[in-house]
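# Structure at a glance
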Amino acid sequence: MRILITGGAGFLGSHLCDRLIEQGNEVICLDNFFTGRKSNIQHLVGNPRFELVRHDVIDPFKFEVDRIYNLACPASPPHYQYNPIKTMKTSVLGAINCLGLAKRVKARVFQASTSEVYGDPDVHPQPEGYWGHVNPIGLRSCYDEGKRAAETLFFDYHRENGVDIRVIRIFNTYGPRMLPDDGRVVSNFIVQALQGQDLTVYGEGSQTRSFCYVDDLVDGFMRFMEQEKIVGPMNLGNPGEFTMLQLAELVLKKVGGKSKITHLPLPSDDPKQRRPDISLAKENLGWEPKIPLEQGIERTIAYFKTALSK
Ligand code: NAD
Ligand code: UDP
């Protein structure tokens, strides 16, 4: 198949490029390099089945493709809050451009949505039927509401125009190729520990997240895209739930060294708890994560050790 991946030079997108190329597909990677890097996909450049296009998803684009994975959007809070209006445009106009293309060329189109659509959830764990508890005017809203609006557009194009959609809600995912200065918690803690700095826990560290290793997630993406039963939304994530203090302690144990834990103020609207209910994915895809946090953290530490020494 010929497959377009928007945001293909980013953390998740570059792993997806690898897997789809491995399967024998042709991949067009479209990216504006806001948070993506050429080094993430450099090993694919020169492969006759791989094309790299510098383009912004807010501007229309045309490609003859069978599948579109729409991943373009900064995912880390400091990056999506850097230019919040642009973040909203990326989610909304990016979705419209992908859906318009899918309609025209009759491609199947996949949206990388997020657990942020549940906001600071008062239902725990979060099933897909939960409508969420989201602040529409806060610092995180450009991302949360942008992704919610994108989901709305996906379902309206599906109902109105019969566009073949797949919508995934991704819970916190980590692994090799995250940027060292990405700002998300796993990369922050590992980089801090490797550099002998103190680990910055925001607030008391009692807030929870559920962390999925990238290989598990990308496997779920591809299974979901190629099944015919359901269009989503479907949660994908690892249901193992940890406080940020537990995560900090795990990283300290694995890296060793002299770093300690220091506390910084909790950012506004920071969700207190988050854990996916993955029953839908288990039933329909036969999917569940295989890589436990400890093992995934070891692999990610190994990656950052090499990346930081370059
Ligand atoms: P990332 O920041 O590494 O990747 C995003 C990619 O999109 C980057 O390559 C960036 O340059 C590109 N991009 C951003 N704005 C663009 C634009 N206007 N036009 C073209 N390209 C643009 O983040 P990631 O973790 O790989 O996330 C990928 C997708 O998955 C995002 O849509 C994100 O919202 C979603 N997601 C990720 C997680 C996670 O934990 N990693 C969780 C929920 C949702
Ligand atoms: N966090 C932290 N220290 C950091 C970065 C993040 O304690 O250096 C916390 C953050 O406040 C949040 C959790 O870790 O409660 C996950 O943050 P991240 O930015 O990775 O993702 P999100 O908040 O979008 O789930």
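Residues numbered from 1 in each chain as written. Chains lettered and ligands numbered in written order. Predicted model: local features only at pLDDT ≥ 70, side-chain atom pairs only at ≥ 80, totals over all residues. Heavy atoms only, no water.

The next subject is the site of ligand 1. Of all residues adjacent to ligand 1, which total 30 residues, the nearest are Leu 12, Asp 31, Thr 35, Tyr 143 and Thr 173. For ligand 1, an oxygen atom lies 2.9 Å from a polar atom in the backbone of Leu 71. Taking Thr 173, its main chain carries an N or O atom lying 2.8 Å from an oxygen atom of ligand 1. Of all the elements in the fold, those that place two or more residues in the shell around ligand 1 are helix 1 (11-22), helix 3 (84-105), strand 5 (108-114) and helix 4 (141-161). In terms of residue count, strand 5 provides more of the shell around ligand 1 than any other element does, three residues in total. Split into classes, the residues belonging to the shell around ligand 1 amount to 14 nonpolar, 11 polar and five charged. (Near = heavy atom within 4 Å. Polar contact = N/O pair within 3.5 Å; in protein donor to acceptor, adjacent residues only side chain to side chain. Helix = DSSP H or I, 4+ residues; strand = E, 2+ residues; numbered from the N terminus. Nonpolar A, V, L, I, M, F, W, Y, C, P; charged D, E, K, R; others polar.)

Our focus in this paragraph is the environment of Gly 132. Structurally, the position occupied by Gly 132 is in the loop between strand 5 and helix 4. Looking at Gly 132, the relative accessible area reads 28%, which means it is partly exposed. If near-sequence neighbours (up to four positions away) are discounted, Gly 132 is found in contact with Val 117, Tyr 118 and Arg 148. (Buried < 20%, exposed > 50% of the residue type's maximum accessible area, 1.4 Å probe, protein only. Contact = heavy atoms within 4.5 Å.)

Evaluated as defined, the whole model comprises 11 aromatic pairs. Aromatic side chains Tyr 69 and Phe 110 sit 4.8 Å apart centroid to centroid with 50° between the ring planes, which places their arrangement in the tilted category. On the criterion of sequence distance, the pair formed by Tyr 69 in strand 4 (residues 67-70) and Phe 110 in strand 5 is long-range, its members being 41 residues apart. Judged by relative accessible area, Tyr 69 falls into the buried class, the value being 1%. Taking the centre distance of 6.5 Å and the plane angle of 70° together, the rings of Phe 110 and Phe 224 count as edge-to-face. (Phe/Tyr/Trp six-rings, centres within 6.5 Å; stacked < 30°, edge-to-face > 60°.)

For the rest of this paragraph, the subject is the packing of helix 5 (residues 185-194) against helix 7 (residues 244-255). Running from amino to carboxyl end, helix 5 crosses helix 7 at an angle of 35°, the nearest separation of the two axes being 10 Å. In this structure, helix 5 crosses over helix 7, and the sense of that crossing is right-handed. Of the residues in helix 7, those touching helix 5 at Val 185, Val 186, Phe 189, Ile 190, Ala 193 and Leu 194 are Met 244, Leu 247, Ala 248, Val 251 and Val 255. Its residues placed into classes, the contact of helix 5 with helix 7 shows 11 nonpolar, no polar and no charged. (Axes fitted to C-alpha atoms, helices over the stretch in contact; angles between N-to-C directions. Left-handed = near helix turned anticlockwise from the far one by under 90°.)

Taken together, the neighbourhood of ligand 2 is formed by 18 residues, with Asn 188, Thr 200, Arg 209, Asp 270 and Arg 274 sitting nearest. The separation between an oxygen atom of ligand 2 and a polar side-chain atom of Glu 116 is 3.1 Å. Coverage of ligand 2 by the protein amounts to 95% of the 520 Å² it exposes when considered alone. The set of elements that each furnish at least two residues to the shell around ligand 2 consists of helix 5 and strand 8 (199-202). (Areas by Shrake-Rupley, 256 points an atom, 1.4 Å probe, with all protein chains shown as cover.)

Structurally, the position occupied by Ser 259 is in the loop between helix 7 and strand 13 (261-264). For Ser 259, a relative accessible area of 9% translates into the label buried. For Ser 259, the side chain forms a polar contact with the main-chain oxygen of Gln 197, separated by 2.7 Å. The contacts of Ser 259, once residues within four sequence positions are left out, are Gln 192, Ala 193, Gly 196, Gln 197, Asp 198, Leu 199 and Leu 252.

A word on the environment of Val 185. Along the chain, the position of Val 185 falls in helix 5. According to the relative accessible area criterion, Val 185 is partly exposed, its value standing at 22%. Not counting the four nearest positions on each side in its chain, Val 185 is found in contact with Phe 211, Met 244 and Leu 247.

This part takes up the nonpolar core. Ranked by size, the top nonpolar core spans 57 residues in total, and within it Leu 16, Tyr 69, Phe 110, Phe 221, Leu 236 and Ile 297 carry the most contacts. Sequence-distant contacts of Leu 16, defined by excluding residues within four places in its chain, comprise Ile 5, Tyr 69, Leu 71, Val 218, Phe 221 and Met 222. Core analysis: the second largest hydrophobic core is formed by 24 residues, Val 57, Ala 102, Val 105 and Ile 165 among them. (Core = buried A, V, L, I, M, F, W, Y, C linked by side-chain atoms within 4.5 Å.)

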